[in-house]
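# Notes for the structure review
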Amino acid sequence: MSFQKDFLWGAAAASYQVEGAYQEDGKGLNIWDVYTREPGHVAFNENGDVACDHYHRFKEDVALMKQIGLKAYRLSISWTRVIPNGTGEVNPAGIAFYNALIDELLAAGIEPLVTIFHWDYPYALHCRGGWLNPASSDWFEAYTRVLVDSFSDRVRYWMTINEPQVFITDGYKNGNFAPFMKHPDGDLIRMTHNVLLAHGKAVRTIRAHAKRTPIVGFAPTGPCVVPASNAPEDIERARAASFDFNRNNYTSSNAWWGDPIVLGHYSPRAYELFGDLMPKENPEEMALISQKLDFYGANIYWSMQGGELGTTLTGCPKSNLAWPLTPDVMYWSIRFLHERYQLPLMITENGMAGHDWVALDGKVHDPDRIDYLTRYLRSCKRAVEEGLPLIGYMHWSIMDNFEWARGYDQRFGLIHVDYGTQKRTLKDSAYWYASVIAENGENL
Ligand code: BGC
């Protein structure tokens, strides 16, 4: 068996990381717009005010995607471009921008995959308590309804939320990402519940109102633990570790989010750890949270613990961000996630930060990224060959962009962006990926 005929070979980006135009055409401010103005949060005090100027250059960018032969492009919507205050009045210019982008993609033969929320939370709603506010899931549902009414005549693939693990942990627990806060467990648990309800209400709204039969998922981080060997007991240990968590890492874990969303209950571990801090069990709410999904998305970069919980990866090859190269994580995550959640998988992100620059010959040579991708895609292929259902692979990222707290210093793109001139250059890896797509992964 190899990659299915209509396998979605794609690439991804997110609104705040690429669009720029942060105050144009009626857009409201989000928490990244506001808090990156305070020095000290982001490397070199950079921000996404201009980013890749994708807002103005999307036609050129889609043409490059077409040149690479992408079958799909995973984009996210900027909530405040569409609804400047987060609730209430809709901004027609924001809708018009995404209509134009979606139309451009479809005309290029590229399937748009829409992520409803990739971290650029409306500042106006943050001032009303954000995810702590009991109405937060209703705000999210109303926002989703606007997107569904506007785009679902053309958009089929929907993802509710990108990496709840990361925006809650880094944004509200560790204070590394906007809004750069540090909340106690009780608040984080309340936020979790509201995020889960927001997800559930969004799924309900998509299913009820989409004009074309929707294909719905979400895009959590998904790395599982790679077993130390193929011995059954090592595999079992890795499987268990992949869905376990403790008081320190629970918001970053798979099962904290995945179990309620797919299995319809919080992991028993959550009650063991937090007892009364957990929401009272409410079957109606859990049913809302766990409506049927069509796929489980997984953003996968590296096996968190190497082979065992707590193992460090000394001496392991590492990317520019010092993230270890652990290609087997693809196979094992697809396998373990599918076993537990019984859904088709989509790799919604994977890629690496490299040392990429335009060489004297005018090209961008990134052999490390090609090597990385070959290894990680072979690992996906192994899963597919074993009959595990994998429906797509989205490379992170289509182009270099604003890498959150690390600013523009880290380059994940298939396309190099010169931020001074906004000149785009396809990296060697983009040409390589084009041939992988053309061959449907046959020669990996
Ligand atoms: C996020 C992206 C980010 C990427 C690389 C993921 O956590 O969804 O927005 O740029 O990883 O750090």
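Here the structure is a predicted model, which is why all the values come from computation and not from measurement.

Since the α-helix packs 3.6 residues into each turn, any two residues three or four apart lie on the same face. The buried count for helix 8 (residues 164–173) comes to 10 of 10 residues, which makes it a mostly enclosed element. If you check which residues of helix 8 are buried, you get P164, Q165, V166, F167, I168, T169, D170, G171, Y172 and K173. Of the surrounding secondary structure, the elements contacted by the buried residues of helix 8 are helix 2 (31–35), strand 3 (111–117), strand 4 (157–162), helix 9 (185–209) and helix 11 (255–263). After helix 8 finishes, the residue G175 shows a positive phi value of roughly 70°.

In space, the eight strands of this open sheet follow the order 5-4-3-2-1-8-7-6, with parallel pairing throughout. Among the strands making up the open sheet, the edge pair consists of strand 5 (215–219) and strand 6 (296–299). Geometrically, the sheet is characterised by an average inter-axis angle of 25° between neighbouring strands, direction not taken into account. The pairing of strand 4 with strand 5 spans four bridges and is classified as parallel. What sits directly across from N162, in strand 5, is A219. Sitting on the sheet, helix 9 is in contact with strand 3, strand 4 and strand 5, with an inclination near 170° to strand 4. On the sheet, helix 15 (residues 367–385) packs against strand 1 (8–12), strand 7 (345–349) and strand 8 (390–396) and is oriented at approximately 165° with respect to strand 8.

What describes two packed helices is the angle between their axes and the distance between those same axes. Where helix 8 contacts helix 9, the two axes come as close as 11 Å, and the packing angle between them is 145°. When the axes of helix 8 and helix 9 are compared, the crossing they make is right-handed. Contacts from P164, F167, I168, Y172 and K173 of helix 8 reach helix 9 at L188, M191 and V195. Taken together, the residues of the contact of helix 8 with helix 9 sort by class into seven nonpolar, no polar and one charged.

Let us now look at the site of the ligand. In the vicinity of the ligand there are 13 residues, among which Q17, E163, E349, E403 and W404 approach most closely. Contact distances for the ligand include 2.9 Å between an oxygen atom and a side-chain N or O atom of N162. Considering the ligand on its own, with 310 Å² of exposed area, one finds that the protein chains cover 94% of that surface.

Looking now at the packing of aromatic side chains. In total, this model carries 51 aromatic pairs according to the counting rule given. Ring geometry for W79 against Y121: centres 5.4 Å apart, planes inclined by 80°, an arrangement best described as edge-to-face. Of the two residues, W79 sits in helix 4 (residues 79–82) while Y121 sits in the loop between strand 3 and helix 6 (123–126), which places them 42 residues apart along the sequence. When its relative accessible area of 1% is taken as the criterion, Y121 is described as buried. Here a set of aromatic residues connected by ring pairs shows up, and it is made of Y16, W32, W119, F177, F180, F402, W404, Y408 and Y419.

What follows concerns the UniProt feature "active site" (unreviewed entry) in the protein. Under the UniProt annotation, the feature "active site" (unreviewed entry) is placed at E163 and E349. Maximum C-alpha separation among the annotated residues is 10.3 Å over a sequence range of 187 residues, consistent with a single clustered spot. Relative to the helices and strands, E163 resides in the loop between strand 4 and helix 8. The residues contacting E163, other than those within four sequence positions of it, are W119, A219, P220, T221, N299 and E349. Structurally, E349 is set in strand 7. Look at E349 and you get buried, because its relative accessible area is 4%. Every residue in contact with E349, bar those within four places of it in the chain, is listed here: R74, H118, N162, E163, A298, N299, I300, Y301, M394 and W396. A distance of 3.2 Å separates the side chain of E349 from the side chain of R74, its partner in a polar contact.

This part takes up unusual backbone geometry. In the segment running from A178 into P179, the intervening peptide bond is cis, with an omega of 10°. With respect to the element layout, P179 can be found in the loop between helix 8 and helix 9. Geometrically, the link from W396 to S397 is a cis peptide bond, its omega value of 10° lying close to zero. By the element assignment, S397 lies in the loop between strand 8 and strand 9 (415–418). Although it is not a glycine, E163 adopts a positive phi angle of roughly 40°.

Another aspect to go through is the nonpolar core. Counting 157 residues, the largest nonpolar core has W32, I68, W131, F140, I398 and Y433 as its most contacted members. The dominant element in this core, judged by the number of residues it contributes, is helix 9, at 10 residues. When neighbours within four sequence positions are excluded, W131 is seen to be in contact with F117, Y121, S136, F140, F167, Y172, R190, M191, N194, V195 and A198.

A few words on the pairing of strand 10 (residues 423–426). Residues in a regular strand project their side chains so that they alternate between the two faces of the sheet. When strand 9 meets strand 10, the two strands line up antiparallel, connected through four bridges. The residue bridging I415 from the neighbouring strand is L426, located in strand 10. Count of turn residues in the strand 9/strand 10 antiparallel hairpin: four residues, of which Q422 carries a positive phi of about 65°.

Rules of the game
Residues numbered from 1 in each chain as written. Predicted model: local features only at pLDDT ≥ 70, side-chain atom pairs only at ≥ 80, totals over all residues. Heavy atoms only, no water. Buried < 20%, exposed > 50% of the residue type's maximum accessible area, 1.4 Å probe, protein only. Helix = DSSP H or I, 4+ residues; strand = E, 2+ residues; numbered from the N terminus. Contact = heavy atoms within 4.5 Å. Pairing = 2+ DSSP bridges. Axes fitted to C-alpha atoms, helices over the stretch in contact; angles between N-to-C directions. Left-handed = near helix turned anticlockwise from the far one by under 90°. Nonpolar A, V, L, I, M, F, W, Y, C, P; charged D, E, K, R; others polar. Near = heavy atom within 4 Å. Polar contact = N/O pair within 3.5 Å; in protein donor to acceptor, adjacent residues only side chain to side chain. Areas by Shrake-Rupley, 256 points an atom, 1.4 Å probe, with all protein chains shown as cover. Phe/Tyr/Trp six-rings, centres within 6.5 Å; stacked < 30°, edge-to-face > 60°. UniProt positions renumbered as here; feature names shortened; annotations may be inferred. Core = buried A, V, L, I, M, F, W, Y, C linked by side-chain atoms within 4.5 Å.

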